[in-house]
Amino acid sequence: MNFPKQVTMVEVGPRDGLQNETIFVPTEVKIKLIDQLSVSGLTRIEATSFVSARAIPQLADGEFVFQNIKKPSGIRFSALVPNELGMEKALKAGVKEIAVFTAASETFNQRNIHCSIAESIERIKPVMEIAKNHDIFIRAYISCVLGCPYEGTISPQKVTALSEELILLGADEISLGDTIGVGTPKQTQQLIEMVKQSVPVNQLALHCHDTYGQAIANIYAALECGISCFDSSIAGLGGCPYAQGATGNVATEDVLYLMHGLGIDTGVDIYQIVRTGEMICKALGRPNQSKVGKALLGMSK
Ligand code: MG
């Protein structure tokens, strides 16, 4: 199999993960989490979000967190930015990399950010323009690429067209998100093969959720298509195991175990991740959702 020799892991636990956790995590614990992730060998960490405190109370301390984490050289820290106001905060905080977002489903966009796909693009445009003027790297998330909770199936053509549009607008990278974790390996490959025809594969990342237990299989399938950038969340943060319909992000521990087993270099120390996962799970008062995390815990001390 012609797998990439090396992959880049984008750690989204501190933002996408915590955002979807119901228990408020104290600011100092968020900083500790990111600082511990920073010594694991990860090179990309999505640290927080500059959304309104009303929209996402969990990340109301985003600016303070971003300014107070250690920033070792060689690690790219990013923040999610929903609008121009968020972009102003990002600039003040010294952010060099941002993420913007939309979804491939009209209904999901309406329910999530109260606008159509086209309107969401209009919101993103000025943010991208400011980012470009400041030489800031832009990642664009597309949610619901393999299915929508309201619309069901999403056509790969729609995802491809949206990816192409975002790249033309100036996005440096597209992260394809299976937000509700319904995708299967075959569907994942069909989607990537189509998007690849419009966007270079090295500008694509895959963002999996493990709702149906397919995340690792989907990531393996994506490796076969040449994808070499994967989002994951430490300890599977991002879905409460007690809530019905919990839709956790794929756990960083699980992805690392897969990659290392395939002989693919991630540069990440899995044991450091396991220890950090234990720390944040204790703070949240809930078990680690990663089987790998649980299995390796005894060996990581
Ligand atoms: Mg996610």
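What counts, and where the lines are drawn
- Residues numbered from 1 in each chain as written.
- Predicted model: local features only at pLDDT ≥ 70, side-chain atom pairs only at ≥ 80, totals over all residues.
- Heavy atoms only, no water.
- Helix = DSSP H or I, 4+ residues; strand = E, 2+ residues; numbered from the N terminus.
- Contact = heavy atoms within 4.5 Å.
- Areas by Shrake-Rupley, 256 points an atom, 1.4 Å probe, with all protein chains shown as cover.
- Lys, Arg positive; Asp, Glu negative; His and termini not counted.
- Charge placed at Lys NZ, Arg CZ, Asp CG, Glu CD.
- Core = buried A, V, L, I, M, F, W, Y, C linked by side-chain atoms within 4.5 Å.
- Buried < 20%, exposed > 50% of the residue type's maximum accessible area, 1.4 Å probe, protein only.
- Pairing = 2+ DSSP bridges.
- Axes fitted to C-alpha atoms, helices over the stretch in contact; angles between N-to-C directions.
- Donors = N, O, S within 2.8 Å, 3.2 Å for Na, K, Ca; no water.
- Parallel < 35°, antiparallel > 145°, perpendicular 65-115°, else oblique.
- Nonpolar A, V, L, I, M, F, W, Y, C, P; charged D, E, K, R; others polar.
- Right-handed = clockwise from strand over helix to strand, strands pointing away.
- Disulfide = S-S within 2.5 Å.
- Left-handed = near helix turned anticlockwise from the far one by under 90°.

Asks: Teacher, can you tell me more about the overall build of the chain here?
Replies: Looking only at helices and strands, the chain features 12 helices and 8 strands. Counting only C-alpha atoms and orienting by the principal axes, one finds that the chain spans roughly 50 × 45 × 40 Å. At a minimum sequence separation of 6, the contacts of the chain that also span at least 24 residues come to 75%. Accessible surface for the chain amounts to roughly 12,700 Å². Of this, 52% is attributable to carbon and sulfur atoms. Computed over 26 positive and 31 negative side-chain charges, the separation of the two mean positions in the chain equals 5 Å.

Asks: Just to check I follow, could you spell out the nonpolar core for this structure?
Replies: Nonpolar side chains in soluble globular proteins tend to be buried together. One finds I98, L166, I219, F230 and M259 to be the most contacted residues of the largest nonpolar core, which totals 85 residues. Discounting chain neighbours no more than four positions away, the residues touching I219 are L206, C208, F230, V250, V255, L258 and M259. If you look at the next biggest cluster of nonpolar residues, it comprises 10 residues, including V12, L80, I113 and A205.

Asks: Explain the sheet that holds strand β2 (residues 44-49) here, please?
Replies: Sheets are built from strands that pair by backbone hydrogen bonding, the pairs being arranged parallel or antiparallel. Strand order in the closed barrel formed by 8 strands is β1-β2-β3-β4-β5-β6-β7-β8, and the pairing between neighbours is parallel. Neighbour-to-neighbour, the strand axes of the sheet open up by a mean angle of 25°, direction not taken into account. Bridging between strand β3 (residues 76-80) and strand β4 (residues 97-103) involves 2 bridges; their strand directions are parallel. By the bridge assignment, L80 is partnered in β4 with A99. Contacts from helix α6 (residues 117-133) reach β4 and β5 (137-143), with the element oriented near 170° to β4.

Asks: Explanation requested: the coordination of the magnesium ion in the structure shown.
Replies: Six octahedrally arranged donors around a metal ideally form angles of 90 or 180 degrees; four tetrahedrally arranged donors ideally form angles of 109.5 degrees. Listed as protein donors to the magnesium ion are D16 (OD), H207 (NE2), H209 (NE2) and N249 (OD1); their distances from the metal cover 2.0 to 2.2 Å. Going along the chain, you hit the donors of the magnesium ion in the pattern D-x190-H-x1-H-x39-N. Of this pair, D16 sits in helix α1 (residues 13-19) while H209 is found in the loop between β7 (204-208) and α9 (215-224), placing the two residues 193 residues apart along the sequence. Residue D16 shares its accessibility class with H209, and that shared class is buried.

Asks: Help me understand the packing of helix α5 (residues 106-113) against α6, please; the structure alone is not making it clear to me.
Replies: A pair of packed helices is captured by two measures, namely the crossing angle of their axes and the spacing between those axes. Where α5 meets α6, the closest approach of the two axes is 9 Å, and the angle between their N-to-C directions is 55°. Considering the angle they form, α5 stands oblique to α6. Of the residues in α6, those in contact with E106, N109 and I113 of α5 are I117, S120 and R123. Classifying every residue of the contact of α5 with α6 by side-chain character gives 2 nonpolar, 2 polar and 2 charged.

Asks: What should I look at first to understand α9 in this one?
Replies: Within an α-helix, residues lying three or four positions from one another point in the same direction, as the helix has 3.6 residues per turn. Among all positions in α9, only A215, N218, I219, A221, A222 and L223 are buried. Of the residues trailing α9, G226 is marked for its positive phi of about 95°.

Asks: Which parts of the structure should I look at to understand the pairing of β2?
Replies: Two faces belong to every sheet, and in a regular strand the side chains alternate between them. Burial analysis of β2 places 6 of its 6 residues in the buried class, which makes it a mostly covered element. As defined by bridge partners, strand β1 (residues 8-11) adjoins β2 across 2 bridges and the pair is classed as parallel. Directly across from E11, in β2, lies its bridge partner I45. In the sheet, β2 pairs with β3 via 5 bridges, with the strands oriented parallel. Within β3, the residue paired with S49 across the bridge is L80. For the handedness criterion, the β-α-β arrangement of β2, helix α3 (residues 62-68) and β3 is classed as right-handed.

Asks: Honestly, helix α10 (residues 252-261) in this entry has me stumped. Any pointers?
Replies: Across the 10 residues of α10, 7 count as buried, placing the element largely inside the fold. Where α10 is concerned, the buried positions are T252, E253, D254, V255, L256, L258 and M259.

Asks: Before we go on, may I ask you to explain unusual backbone geometry in this structure?
Replies: Trans peptide bonds make up most of the peptide bonds, and negative phi angles are found at most residues other than glycine. Phi is positive for H114, close to 55°, though the residue is something other than glycine. Its place among the elements puts H114 in the loop between α5 and α6.

Asks: Looking at this model, I keep getting lost on the state of the cysteines. Mind explaining?
Replies: Every disulfide links exactly two cysteines, by a covalent bond between their sulfur atoms. Scanning the model with the defined rule gives 0 disulfides in all. Left unpaired, C208 is separated from the closest cysteine sulfur, that of C225, by 12 Å. Taking the relative accessible area as the measure of exposure, C208 reaches 3% and is therefore buried. Between C229, a cysteine without a disulfide, and C208, which holds the nearest cysteine sulfur, the sulfur-to-sulfur distance is 12 Å. Using a relative accessible area of 7% as the deciding quantity, one classes C229 as buried.

Asks: Is there a simple way to think about the packing of helix α4 (residues 84-93) against α6 in this case?
Replies: Remark: α4 packs on α6, axes separated minimally by 9 Å, with the N-to-C direction vectors making an angle of 20°. In terms of their interaxial angle, α4 and α6 are classed as roughly parallel. Viewed along their axes, α4 and α6 form a crossing whose handedness is right-handed. Contacts from E84, M87 and L91 in α4 reach P126, V127, I130 and A131 in α6.

Honestly, it's all geometry; don't read function into it.
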